[in-house]
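Remarks on the overall topology
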Amino acid sequence: MNKNLNAKEITSWVYALHADIKDAPYFEGFWPIPHGVSLNSYIVKSDKVALIDLYRDWEDAPEKMKSQMSSIGIDLCDIHYLVLNHLESDHSGFLKDFRKMCPNAKIVTTKKGAELVEKFCKAVNDNEKDFQNTAVQVVKTGDSIDLGQGVVLHFTETPNVHWPETMMTYEEKSKVLFSCDAFGSYGCVGTKENPSRIFDDECTEEELIFFEKEALRYYANIVASFSHFVKQAIDKFSSTQIKVVAPSHGLVWRKNPKRIINDYIRYAGYNTGGELEKEICVIWGSMYGNTKIGLDAVIEGIKEEGVNVNILEIPSTNASFVLGEAYKAKGIVLAMPTYEYKMYPPMAYILNLFNRKHFSGKKALRIGSWGWIGGAKREYDEAVLPLKWEEIESYEWQGLPCAEDKTTLKERGRELARQVKNS
Ligand SMILES: Cc1cc2nc3c(=O)[nH]c(=O)nc-3n(C[C@H](O)[C@H](O)[C@H](O)COP(=O)(O)O)c2cc1C
Ligand SMILES: [Fe+2]
Ligand SMILES: [Fe+2]
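To start, this report covers the structure provided alongside it.

Procedures and definitions
- Residues numbered from 1 in each chain as written.
- Chains lettered and ligands numbered in written order.
- Predicted model: local features only at pLDDT ≥ 70, side-chain atom pairs only at ≥ 80, totals over all residues.
- Heavy atoms only, no water.
- Near = heavy atom within 4 Å.
- Polar contact = N/O pair within 3.5 Å; in protein donor to acceptor, adjacent residues only side chain to side chain.
- Helix = DSSP H or I, 4+ residues; strand = E, 2+ residues; numbered from the N terminus.
- Nonpolar A, V, L, I, M, F, W, Y, C, P; charged D, E, K, R; others polar.
- Salt bridge = Lys/Arg side-chain N within 4 Å of Asp/Glu carboxyl O.
- Buried < 20%, exposed > 50% of the residue type's maximum accessible area, 1.4 Å probe, protein only.

**A word on the site of ligand 1**
Neighbouring residues of ligand 1: 17 residues in total, closest Met287, Glu340, Tyr341, Ser369 and Gly374. Within the contact set of ligand 1, an oxygen atom lies 3.0 Å away from a backbone nitrogen or oxygen of Tyr288. In the environment of ligand 1, an oxygen atom lies 2.8 Å from a nitrogen or oxygen atom belonging to the backbone of Trp372. Contributing elements (two or more residues each) for the shell around ligand 1: helix H8 (290–304), strand S18 (338–339) and strand S20 (363–370). Within the shell around ligand 1, the residues separate by chemical class into eight nonpolar, eight polar and one charged.

Set out below in structure tokens:
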């Protein structure tokens, strides 16, 4: 464990704690995190002490949290309140142990959160006893807890960002918003030279752009299905002065909190009628290259119109990254052959995710090669119906594309690019 990892002071009564998870392959068990992810918690310390959000027992995260707490003279048993904004296991996986170590700390959460506390803390074998008696204080929008000396926690329910029980906590004196998953991102925040790094103002512009890219991938993977609720949640704070955005993953934004708030407003708009980026995301998969030859003509056409194009091959590009890129693009090209009378299976998986995450508002072109009698088109047409995309007339050919096919494909690419430009 890194001994230099200290709690970071936001104000003299609010501290950020974090654990960088570096070696886990996936988040939520299937989203790759090659750059890791941070788990952030916060201490608000006045006459009484509150811990905002907890960790999952992941790598040595709870140990890191405890050692950072001791760097500011706080022990687990000093905690009066454990505020749980969200009960997903990345923030509550350590809860059962926490309750054993700290039975007097009051858990503060929403009504739905309280139900989940019991469900996620129940005894799973005879050697364990349930911790049903630990006090849980249910809060709702408008409720607050006074920690003394003007330090007050205010609670706002923000349901379905991205679980039903979620809330955000705002500390009145420091004007820090503890937003849990909202405004979060993938990516470890500490560096080798500065393992305690956590603030936006400790990053270069290039590093901030990296975190925004990871925030968008995180959003597209995890939050996108709930964009309407994200907008409602952000609206609830429209008249609140927010000096610091303190999420449960990623950077703490104290220099420019508006930057990540505006990013999230833009992300939430991408699938709820807001403006998409005037670029084209090409997603393609091919068994023997016949589809790729036709696709090259489409790409040529797009480039001739001067529209930015981002080309992703599947399945070698993991779906998590495909979602991150495709989510923001106004234009989309899906190129795949027919496979057993249906779509090439890796593309079916991508379209399934697009549907689950409600990737709407796109202009799309689907192309592909077939060998016997086709079939991909039929499955594709059914799969995209709920998305209500505007489709350029799709194009298929048998085997290799001939010169005439290529001319048509290039023109379809140009047409899509023109529509994206003029959208
Ligand atoms: C396992 C397998 C299943 C296939 N199933 C179909 C099919 O159901 N209908 C069809 O028209 N062609 C089918 N084909 C033929 C391919 O669609 C055809 O070879 C196409 O040109 C492959 O394009 P690609 O080189 O881009 O992978 C199949 C080919 C393979 C290898
Ligand atoms: Fe979550
Ligand atoms: Fe989370």
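On we go.
**Topic: the pattern of salt bridges**
Enumeration according to the criterion identifies 29 salt bridges in this entry. Measuring nitrogen to oxygen at the nearest pair gives 3.0 Å for the salt bridge that ties Arg259 to Glu205. Taken together, the residues span a long stretch of sequence, with Arg259 in helix H7 (residues 257–270) and Glu205 in helix H5 (residues 205–223) at a distance of 54 residues. Overall, the relative accessible area of 19% leaves Arg259 in the buried class. What makes Glu205 partly exposed here is its relative accessible area of 45%. Glu396 is the salt-bridge partner of Arg366, the closest N and O atoms lying 2.6 Å from each other. Of this pair, Arg366 sits in strand S20 while Glu396 sits in strand S22 (residues 395–398), placing them 30 residues apart in sequence. We classify Glu396 as partly exposed; its relative accessible area is 23%. Through salt bridges with shared partners, a single ionic network connects Glu300, Glu304, Glu305, Lys410, Glu411, Arg414, Glu415, Arg418 and Lys421.

Interpretation note: all reported values are geometric properties and have no functional meaning in isolation.
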